[in-house]
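# Fold and contact review
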Amino acid sequence: MKQSPLVHERVFAGDFAKDYARKHQKIAEKFGREMAEKLKSRAFTIGRILDVGCGFGATAIVLAQSLPQSEVVGVDLSDPLLAFANKMVRDNGMGERITFEKADVQEIPYEDNSFDALINLQMLHIVKDPIAMLDEMERVLTPDGALFMADIRRSWVGLLDKVFKTALTVEEARALVRQSTLRDGTFSNDLLWWRYEA
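Let us now look at the sheet that holds strand β7 (residues 193-197). Ordered by their spatial adjacency, 7 strands build an open sheet running β3-β2-β1-β4-β5-β7-β6, and the pairing between neighbours is mixed. Each having just a single partner strand, β3 (98-102) and β6 (186-189) make up the two edges of the open sheet. In this sheet, adjacent strand axes meet at a mean angle of 15° when their direction is disregarded. Looking at chain direction, β6 and β7 are connected through 4 bridges and run antiparallel. Counterpart to Thr186 in the pairing with β7 is Glu197. Across the sheet, helix α4 (residues 130-140) touches β1 (46-52), β4 (115-121) and β5 (141-152), and the angle it forms with β5 is around 145°.

The structure is reproduced here in structure tokens:
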């Protein structure tokens, strides 16, 4: 099945952004719990975590709640999603430990080796220049930092949900990682998602 063009804008806006946040709250929180457990399994308790393409912030908030000695930073370009994320931070009283910033994931505004862990969810198939994003992720992550990436996977599921037609196959994601400077890691996949961990 050939990859289809995106069914939405690259930067989520307006009613689409609101609907996206509402529909994806539970999956974002689930990923937060999954990433927190992976970090804990690596004995990660204290450090700076970057959520590259943080969207409406639910994953970052779960990470901060699960790892109370960590600092979490999220970057995204969507004004409505960032507004939602900042409201959630205020509502949860976590403003001292979570920061959301409007920034392009293809030009991350932090110095080299700024973060001890990095997550990137549902972004690789959306960004205009995925290799630039991957290179930036590698640049800002410390040499021994943990990296977790996941995205929807193009498969026959696209016959039922057109969003999955816009995704990458696991092989396409592997090819992009190989072309980038991103550190070596391991791919895995299930029916709906592929994951990369390093």
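Moving on to helix α3 (residues 79-91). The end-to-end C-alpha distance of α3 is 18 Å, a good match for the 18 Å that 13 residues give at a rise of 1.5 Å each. Along α3, the positions that sit buried rather than exposed are Leu81, Leu82, Ala85, Met88 and Val89. With its buried residues spanning 120° around the axis, α3 presents them on a single face. Turned more than 90 degrees away from the buried face of α3 sit Arg90 and Asp91, all of them exposed.

Counting through the fold element by element, Thr166 comes out in the loop between β5 and α5 (170-179). The class of Thr166 is buried, set by a relative accessible area of 1%. Polar contacts involving the side chain of Thr166 include one to the main-chain carbonyl oxygen of Val163, which spans 2.6 Å. Look past the residues within four positions of Thr166 in its chain and what remains in contact with it is Gln3, Ser4, Pro5, Leu6, Val7 and His125.

This paragraph deals with helix α1 (residues 14-41). The end-to-end C-alpha distance of α1 is 39 Å, a good match for the 40 Å that 28 residues give at a rise of 1.5 Å each. Where α1 bends most, the angle comes to about 60°, and this point is His24. Those residues of α1 that fall on the buried side of the exposure criterion are Ala17, Tyr20, Ala21, Ala28, Phe31, Gly32, Glu34, Met35, Ala36 and Leu39. Elements in contact with the buried residues of α1: β1, α2 (58-66), α3, β4, β5 and β7. Directly beyond the C-terminal end of α1, a positive phi value near 65° is found at Ala43.

About the thresholds
- Residues numbered from 1 in each chain as written.
- Predicted model: local features only at pLDDT ≥ 70, side-chain atom pairs only at ≥ 80, totals over all residues.
- Heavy atoms only, no water.
- Pairing = 2+ DSSP bridges.
- Helix = DSSP H or I, 4+ residues; strand = E, 2+ residues; numbered from the N terminus.
- Axes fitted to C-alpha atoms, helices over the stretch in contact; angles between N-to-C directions.
- Contact = heavy atoms within 4.5 Å.
- Expected span 1.5 Å × (residues − 1).
- Buried < 20%, exposed > 50% of the residue type's maximum accessible area, 1.4 Å probe, protein only.
- Arc of directions from axis to C-beta.
- Polar contact = N/O pair within 3.5 Å; in protein donor to acceptor, adjacent residues only side chain to side chain.
- Bend = angle between axes of the 7 residues up to and from the residue.

Keep in mind these values describe shape, not function.
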